[in-house]
Each structure stands twice: as C-alpha cells, then as structure tokens.
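Coordinate inspection notes
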Amino acid sequence: SSAILYASEMFPFLPRDIPREALLSELLANLPSYNRTVNLVDVYFRTVERPITPTTPSQIKADIVPRFFQGKRAATSIDDSQLHDLALLYAIVACGSAADRSKSSSPADGTLYYHRARAALGVRNFLEHTSLSAVQTIFAMVSYFVTTGKRDCRESAWKFTSFGLSLAVSVSGSSEA
C-alpha cells in the first residue's frame, strides 16, 4: 500500500502523519499466507547467500513464524516487543521471494516484502529500541541486496553491513544479547 511504501521511504523513521496502529494492522494483514511464508523461509535457508548468517532455520520456523500466525491465519495484533521480529520475518520472506525460481514468485513480491520489513523497523524505532531482531533484519536485508544482484544494490549492501555491525555492537552490551 502507499502507507507502507511511504513509511519505507522514510526509513529508519516512522512519519508522524501515518497512524502507527493503522500501519501495524496493514503490515499484519499483508503477510503472505502461512504456507507461502514457510515455503519462502525454506527457500531462504536453502538458496540465499548470506555474507553474515543472522538467523537459524529453527529460530525462524519454530519461534518467529508462530508469533505471527494463529494456526494458519495471520495474527491481527502483536506486542511492541515483536515488531522487530515482524521486520525480520518480512526481510527473510523478501530474500526467499527474490531467490525463488518457481512461477509463484515475481521480483515485485520480494520488493514489496523488503519495503514492509523497512516499514516494520520504523514502527518501533530500532535506533532507540535496538534489538537482536533489528540487527538480524539489517543483515537479512544485506542478503536481499546480494540476492537481487542489482547494480545499485551493491552500495546499499555495504552500507547496511556497516550499519548492522554498529548496531550489533550496541546490542552486545544490552540485556537483549
């Protein structure tokens, strides 16, 4: 939607003119189906080159995915503490979609999921509320840049790598680590 794209463009901040709750509801409503999410997570771990491996399959499939689905239906609300987990899930799904060679994916899907990850990071400002999931999301975004292979993504990959390392240092001294 235009609100998600606007929030993504303002990354890493959430614009004041976007109602936070409305954006969060939209992010939850736009998750891919449970089966599609699990499939894209599998594609991510099978095929995506990860310069830095920010997550494990068990963390995502056993811990993160169930937070956002009740059974096979998408959640309708979450705690603030789970917003960076939502961003991480969207970033991994973006990578999986970009790497998926089946006919069920298009490059536009990966781009949408990537923008949703950026928007989710802004809903709970990760600069003020740094978390391990926020760091993992930044590194998953690096993998997205590498996977898409677009020429203009190389510079972003390096910038996000540097930024992710800086965030990781700040998290390593907190109770989140």
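Everything discussed here concerns the structure shown above.
The structure contained in this document is the topic of the report that follows.

Cut-offs applied
Residues numbered from 1 in each chain as written. Predicted model: local features only at pLDDT ≥ 70, side-chain atom pairs only at ≥ 80, totals over all residues. Heavy atoms only, no water. Helix = DSSP H or I, 4+ residues; strand = E, 2+ residues; numbered from the N terminus. Expected span 1.5 Å × (residues − 1). Buried < 20%, exposed > 50% of the residue type's maximum accessible area, 1.4 Å probe, protein only. Contact = heavy atoms within 4.5 Å. Core = buried A, V, L, I, M, F, W, Y, C linked by side-chain atoms within 4.5 Å. Arc of directions from axis to C-beta. Salt bridge = Lys/Arg side-chain N within 4 Å of Asp/Glu carboxyl O. Phe/Tyr/Trp six-rings, centres within 6.5 Å; stacked < 30°, edge-to-face > 60°.

**Quick word on helix H6 (residues 107–123)**
- Relative to the 24 Å expected for 17 residues at 1.5 Å per residue, H6 spans 25 Å between its end C-alpha atoms, a close match to the ideal helical length.
- Here H6 has its buried residues at Gly110, Tyr113, Tyr114, Arg116, Ala117, Arg118, Ala119, Ala120, Leu121, Gly122 and Val123.

**Notes on the environment of leucine 127**
- Looking at the secondary structure, you find leucine 127 in the loop between H6 and helix H7 (132–148).
- The class for leucine 127 is partly exposed, based on a relative accessible area of 39%.
- Between the alpha carbons of leucine 127 and alanine 22 there is a distance of 22 Å; along the sequence they are 105 residues apart.
- Each residue touching leucine 127, except ones within four places of it in the same chain, is listed here: Pro12, Phe13 and Phe163.

**Some remarks on the nonpolar core**
- Formed by 57 residues in total, the largest nonpolar core has its most connected members in Leu27, Ile60, Phe68, Leu86 and Leu89.
- Taken together, the elements giving at least two residues each to this core come down to helix H1 (2–9), helix H2 (20–29), helix H3 (34–47), helix H4 (57–67), helix H5 (83–99), H6, H7 and helix H8 (153–172).
- The leading source of residues in this core is H5, at 13 residues.
- Not counting residues up to four positions away in its chain, the partners in contact with isoleucine 60 are Val41, Phe45, Thr55, Val65, Pro66, Leu88, Leu89 and Ile92.

**Thoughts on H1**
- Every buried residue belonging to H1 is among Ile4, Ala7 and Ser8, and all of these are buried. The buried side chains of H1 occupy one side of the element, clustering within an arc of 100 degrees when seen end-on. Every exposed residue of H1 that faces more than 90 degrees away from the buried side is listed here: Ser2 and Glu9.
- Along its buried surface, H1 packs onto H2 and H6.

**Looking at the pattern of salt bridges**
- All told, the structure shown has six salt bridges when counted by the stated rule.
- Here arginine 20 ties to glutamate 21 by a salt bridge, and the two come within 3.5 Å at their closest N and O atoms.
- Using a relative accessible area of 51% as the deciding quantity, one classes glutamate 21 as exposed.
- Each of Arg20, Glu21 and Asp80 takes part in salt bridges that share partners, so that together they form one network.

**Description of the packing of aromatic side chains**
- Using the criterion set out here, one finds seven aromatic pairs in the structure.
- The interplanar angle of 65 degrees and the centroid separation of 5.6 Å between the aromatic rings of tyrosine 114 and phenylalanine 145 together place this pair among those described as edge-to-face. Here tyrosine 114, found in helix H6, pairs with phenylalanine 145, found in helix H7; they are 31 residues apart in sequence, far enough to count as distant.
- Exposure remark for phenylalanine 145: the relative accessible area of 5% places this residue in the buried category.
- Feature note: the residues Tyr114, Tyr144, Phe145 and Phe160 constitute an aromatic cluster, connected by ring pairs.

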